[in-house]
Amino acid sequence: MNDIQKLSKILQFYVLGNKLKTTIFDEKSNYSIADNLFGSIILAIAMDSEFKETDNLGKVIRMLILSEFIKVNLDYDLSQSLEKGNELSQDVQEFFESQTLEAKLAFKYRIWDCFLMDTIKSHDKAYDFNRLIRESLSLFQPKNGEEADKYEQVFRFYYLNQKLKHKERGGWDKNHWNIKSERLERISEHIVDTMLLAIGMNSEFSHEINIDKVLETLAIHETGEILIGDITPFDGVSREKKMAMEHKAIRDCLGNLSEKNKYIKMLLDFDEQQSKEDTFAYFCDKIVADLSSKLYQDNGLHHPLEDQSKNCVFKSEKVQELLANGAKTPFDIWFGCDRTIYEKNLSFPEFFDLLVLAKNMNLANLISRDEMKSEDNLSLKLKNLKQE
């Protein structure tokens, strides 16, 4: 299988995965399937910190994500569609059979998440937080005071992360791209998005990376935004100031989790791209925003460039340069701003290739595979664009 085929399969997998963001699971709370899934993933992270119930947390996370992916894409055959599809299909099968330790844990976290969400939603804004903790402990049923303390930390971290289900991604709001949608993407949905893409990229391209570490990093990589929200590069806050704000918020949000220092180091390493896993995770985080822009464009949800007078992005000298050089669409701006993130990286060249391929495909038509038929033409476009 050549790289064009692999990249096309990743894009299709990613586009199908967007159903997790666009399918509303809880109409009253306006939560998507991805929002709901995020709660289970955070619970898995917190439980691993306090109780280390398995040495294979990454597999638990994959089970949680892929089982929901398959539920909304019943006709999609993982084993036939992705390079490592057989392994991924096995994860899904294990989850539904619920016989292995990891499958039982994944199922338990899904059930606990539902219970905890119902408990939280049953309280009004004047709730007694200590009472809420006591009610959560009735689910966990700690055996002693030490366990009760650990479960309290699990719940506190879980509860804080619920805020990400209500915080919108800043880049799509009225001050930025003003996407034509009544419901904008949540930070929690973005997190699931990055993890799904990481699974797809890791399936098609072989690298000596620990994908489980990547997934764990991505699960918590927006922890600071619980307190500071989503600050984009165009919001007038320097990278240094944003990182200082975020690092303080991270420490506050992690509370007294047993693995707090591990997670702090993990997130600092992610910011500085200290390892191949950190760079891979960082690229997944960045490129899903580019792909989201392309999906918005191909689905007619972007306003044209001439209708962007209130968009703070256009104050950027780089953006003005792109406009002067002939940028015609919002994605042209995204592509021009972000291409330098990936294009000179020798460890993971496929990220730039993926961005270029997305530029030359209509992602809205990708589900039906229509855009995957013109492989030779796409290969030529990919080669030409990379040489520009």
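Residues numbered from 1 in each chain as written. Predicted model: local features only at pLDDT ≥ 70, side-chain atom pairs only at ≥ 80, totals over all residues. Heavy atoms only, no water.

Visitor: Before we go on, may I ask you to explain helix H4 (residues 57–72) in this structure?
Guide: Taking 1.5 Å as the rise per residue, H4 with 16 residues should run 22 Å; its terminal C-alpha atoms sit 24 Å apart, in good agreement. Here H4 lies mainly inside the structure; 15 of its 16 residues are buried. (Helix = DSSP H or I, 4+ residues; strand = E, 2+ residues; numbered from the N terminus. Expected span 1.5 Å × (residues − 1). Buried < 20%, exposed > 50% of the residue type's maximum accessible area, 1.4 Å probe, protein only.)

Visitor: Explain the packing of aromatic side chains here, please?
Guide: In this description, an aromatic ring pair is defined by two values, namely the gap between the centres and the angle between the planes. Per the stated rule, a full pass over the model turns up 25 aromatic pairs. Consider the rings of Phe 13 and Tyr 76, whose centres lie 6.2 Å apart with planes at 40°: the pair is tilted. Placement of the pair is Phe 13 in helix H1 (residues 3–17) and Tyr 76 in the loop between H4 and helix H5 (78–81), with a sequence separation of 63 residues. The exposure classification of Phe 13 matches that of Tyr 76, with both residues buried. Judged by centre distance (6.5 Å) and plane angle (80°), the rings of Phe 283 and Phe 348 are edge-to-face. Linking Phe 283 in helix H15 (residues 276–298) with Phe 348 in the loop between helix H17 (330–342) and helix H18 (350–359), this pair joins segments that are 65 residues apart in sequence. Accessibility classification places Phe 283 together with Phe 348 in one group, the buried group. Connected via pairs of aromatic rings, a cluster forms that spans Phe 270, Phe 280, Tyr 282, Phe 283, Tyr 342, Phe 348 and Phe 351. (Phe/Tyr/Trp six-rings, centres within 6.5 Å; stacked < 30°, edge-to-face > 60°.)

Visitor: For this particular structure, what's the right way to read the pattern of salt bridges?
Guide: Side-chain pairing between opposite charges can occur once the charged atoms of the two side chains come close. If you walk through the whole model with that rule in mind, you get 25 salt bridges. Where Lys 21 meets Glu 185, a salt bridge forms, and the shortest distance between an N and an O atom there is 3.0 Å. Here Lys 21 is found in helix H2 (residues 19–22), whereas its partner Glu 185 is found in the loop between helix H9 (145–161) and helix H10 (187–204), with 164 residues between them in sequence. Taken as a pair, Lys 21 and Glu 185 share a single burial class, namely buried. Linking Arg 169 and Glu 185 is a salt bridge whose minimum nitrogen-to-oxygen distance equals 4.0 Å. In this pair, Arg 169 is assigned in the loop between H9 and H10 and Glu 185 in the loop between H9 and H10, connecting sequence segments 16 residues apart. The two residues Arg 169 and Glu 185 agree in class, both being buried. Several salt bridges share partner residues, and in doing so they unite Lys 21, Arg 169, Glu 185, Asp 193, Glu 222 and Asp 230 into one network. (Salt bridge = Lys/Arg side-chain N within 4 Å of Asp/Glu carboxyl O.)

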